[in-house]
Amino acid sequence: MDWPKQLIDKLEETSRLTEEEWVLLIENRSPETAKYLFEKARRWQQKYYGKRIYTRGLIEFTNYCRNDCYYCGIRRSNGNAKRYRLTKEQILECCQAGYGLGFRTFVFQGGEDGWFTQERLEEIVHAIRSGYPDCAITLSLGERPKESYRRLFEAGANRYLLRHETADEAHYGSLHPPELSAAHRKQCLWDLKEIGYQTGTGFMVGSPGQKASHLAKDMIFIRELEPHMVGIGPFVPHHDTPFAGEKGGTAELTVFLIGLLRVMMPKLLLPATTALGTIDAQGREKGVLAGANVVMPNLSPTCVRKKYELYDNKICTGDEAAECRGCLDRRMESIGYELVIDRGDYGGAP
Ligand code: SAM
Ligand code: FES
């Protein structure tokens, strides 16, 4: 047997590779290795989750952001971004529509927007928790003090998504302004886990300057953190950012990494992301066939969809929530999987 397959076997057996082994495996991947990996990944995916794909309704509630990440279309320096905030009533309407469509997890994502004070956020979480006691509430609000995370948890939030973006401090520094650091972002993730959130991390694939050694560090950090979810998607350039002229990440490498994550930590919740569907018309299907088990269609009102433009050509910005769910239903069915009505907790069926 050839050595890349042996490394995949080692990963499956021990759940760990050294940094050098990760680099070798990633740099020397081939279609044949990928096929071997995806077969294993699907075996684990189906052991824990069957052919059931979890959905989360994504509500992008503000595109104001105090941060200035170089890759992001809604960074504060982008004067061309048309800014919006949803009201509490609009947010609750999204949940109502989503519930009717079968969503049992709502993901609230936004820029780091000071208008949404701690009190306002707690009020919103509280209202959703009382209105939808059978649903999971996921927050994705960026970096906040531990006390703020704790109070939001107490108000009823269950899960938090915060991608670490890249585990390498110097690479992190080349993607972000000096006031942001990989160390602080990682500390937030440890805080979230300690409080009791089901925690999601992740990174962009093919971000400017990314090397196999950075990806190796990402995999090692994820193994150490032991999150419940890992969201990875290709970097896609946005025309109004400093990275407008950079090359984007590929679907091929993204799905290979999804397969590696599934084999390394078989129970992970792994989304086939919108960014993956944006750069490849079959991206989300390929993601599922590589081991992903979650999709996150958009529930935001159609009038604001285009404005939450993190990268160019983002898909699904014109569709109603029901159309998005229907479209994903058909896509999953076409590859032998099904979207389910379920909170979609970590670990699958008991
Ligand atoms: N503010 C929150 C935070 O910092 O986690 C949530 C919003 S942020 C826009 C969500 C994710 O979008 C980021 O973690 C990043 O990985 C991703 N993202 C931003 N710009 C992107 C781009 N140009 N291509 C692909 N993904 C991007
Ligand atoms: Fe804040 Fe992108 S820079 S969400």
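Residues numbered from 1 in each chain as written. Chains lettered and ligands numbered in written order. Predicted model: local features only at pLDDT ≥ 70, side-chain atom pairs only at ≥ 80, totals over all residues. Heavy atoms only, no water.

Asker: I'm lost on helix α8 (residues 182-195) in this one. Help?
Answerer: Count 3.6 residues to each turn of an α-helix, and residues three or four apart come out pointing the same way. With 14 residues, α8 extends 20 Å between its outermost C-alpha atoms, agreeing within 8% with the 20 Å of an ideal straight helix rising 1.5 Å per residue. Where α8 is concerned, the buried positions are A182, R185, K186, C188, L189, D191, L192 and I195. Buried positions along α8 lie against α6 (146-155), β5 (159-161), α7 (169-175), β6 (198-205) and α9 (212-225). G196 occupies a position one or two residues after α8 and carries a positive phi of about 120°. (Helix = DSSP H or I, 4+ residues; strand = E, 2+ residues; numbered from the N terminus. Expected span 1.5 Å × (residues − 1). Buried < 20%, exposed > 50% of the residue type's maximum accessible area, 1.4 Å probe, protein only. Contact = heavy atoms within 4.5 Å.)

Asker: What am I meant to see in the pattern of salt bridges here?
Answerer: Opposite charge on two side chains makes pairing possible when the charged atoms of those side chains draw close. Under the criterion given, the structure shown has 27 salt bridges. The shortest N-O distance in the salt bridge between R76 and D68 comes to 4.0 Å. Looking at R76, the relative accessible area reads 44%, which means it is partly exposed. The partner of E165 in a salt bridge is R185, and the shortest N-O contact between them spans 3.5 Å. Remark: R185 occurs in helix α8 and E165 occurs in the loop between β5 and α7; sequence separation between them is 20 residues. The exposure class assigned to E165 is buried, which follows from its relative accessible area of 8%. Through salt bridges with shared partners, one network takes in D68, R75, R76 and E179. (Salt bridge = Lys/Arg side-chain N within 4 Å of Asp/Glu carboxyl O.)

Asker: What am I meant to see in the packing of helix α2 (residues 19-27) against α9 here?
Answerer: Two measures define how a pair of helices packs: the angle their axes make with one another and the distance between the axes. For the pair α2 and α9, the least separation of the axes is 8 Å and the interaxial angle reads 125°. In terms of axis orientation, α2 runs oblique to α9. Our pair here, α2 against α9, has a crossing hand that is right-handed. Along its contact with α2, which presents E19, W22, V23, I26 and E27, the element α9 presents A212, S213, L215, A216, K217, M219 and I220. Across the contact of α2 with α9, the residue classes tally to 8 nonpolar, 1 polar and 3 charged. (Axes fitted to C-alpha atoms, helices over the stretch in contact; angles between N-to-C directions. Parallel < 35°, antiparallel > 145°, perpendicular 65-115°, else oblique. Left-handed = near helix turned anticlockwise from the far one by under 90°. Nonpolar A, V, L, I, M, F, W, Y, C, P; charged D, E, K, R; others polar.)

Asker: What am I meant to see in the sheet that holds strand β8 (residues 294-295) here?
Answerer: Sheet strands line up and pair through hydrogen bonds in the backbone, either parallel or antiparallel. With respect to topology, 3 strands assemble into an open sheet ordered β8-β1-β9, the strand pairing being parallel. Of all the strands in the sheet, just β8 and β9 (338-339) have a single pairing partner and so form its edges. With 2 bridges joining them, strand β1 (residues 52-55) and β8 adopt parallel strand pairing. Looking across to β8, one finds that Y54 is bridged to V294. (Pairing = 2+ DSSP bridges.)

Asker: Sorry, what's going on with the site of ligand 1 here?
Answerer: Residues in close proximity to ligand 1 total 18 residues, the closest being Y71, G110, R163, E165 and V236. Within the contact set of ligand 1, a nitrogen atom lies 2.9 Å away from a backbone nitrogen or oxygen of G110. About the coverage of ligand 1: the protein hides 92% of its 560 Å² of free accessible area. Among the residues forming the shell around ligand 1, the class breakdown is 10 nonpolar, 5 polar and 3 charged. (Near = heavy atom within 4 Å. Polar contact = N/O pair within 3.5 Å; in protein donor to acceptor, adjacent residues only side chain to side chain. Areas by Shrake-Rupley, 256 points an atom, 1.4 Å probe, with all protein chains shown as cover.)

Asker: Would you mind showing me how to read the packing of aromatic side chains here?
Answerer: Using the criterion set out here, one finds 11 aromatic pairs in the structure. On the numbers, 5.7 Å between centres and 80° between planes, the contact of Y160 with Y197 is edge-to-face. Of this pair, Y160 sits in strand β5 while Y197 sits in the loop between α8 and β6, and the two are 37 residues apart along the sequence. Each member of the pair, Y160 as well as Y197, is classed as buried. The ring of Y337 is capped by K51, whose NZ or CZ atom sits 5.3 Å from the centre of that ring. (Phe/Tyr/Trp six-rings, centres within 6.5 Å; stacked < 30°, edge-to-face > 60°. Lys NZ or Arg CZ within 6 Å of the ring centre and 35° of its normal.)

Asker: Looking at this structure, I do not really get the sheet that holds strand β7 (residues 229-234). What am I missing?
Answerer: Strand order in this open sheet of 6 strands is β2-β3-β4-β5-β6-β7, and the pairing throughout is parallel. Across the chains shown, the open sheet's two edge strands, defined by having one partner strand only, are β2 (57-62) and β7. Taking the axes of each pair of neighbouring strands and ignoring which way they run, one obtains an average angle of 20° across the sheet. Note: strand β4 (residues 136-140) against β5, 2 bridges, orientation parallel. Across the sheet, residue L139 finds its bridge partner in β5, namely Y160. Contacting β2, β3 (105-110) and β4, helix α5 (residues 118-131) runs over the sheet at an angle of about 155° to β4.

The quantities given are spatial measurements derived from coordinates; they are silent on function.
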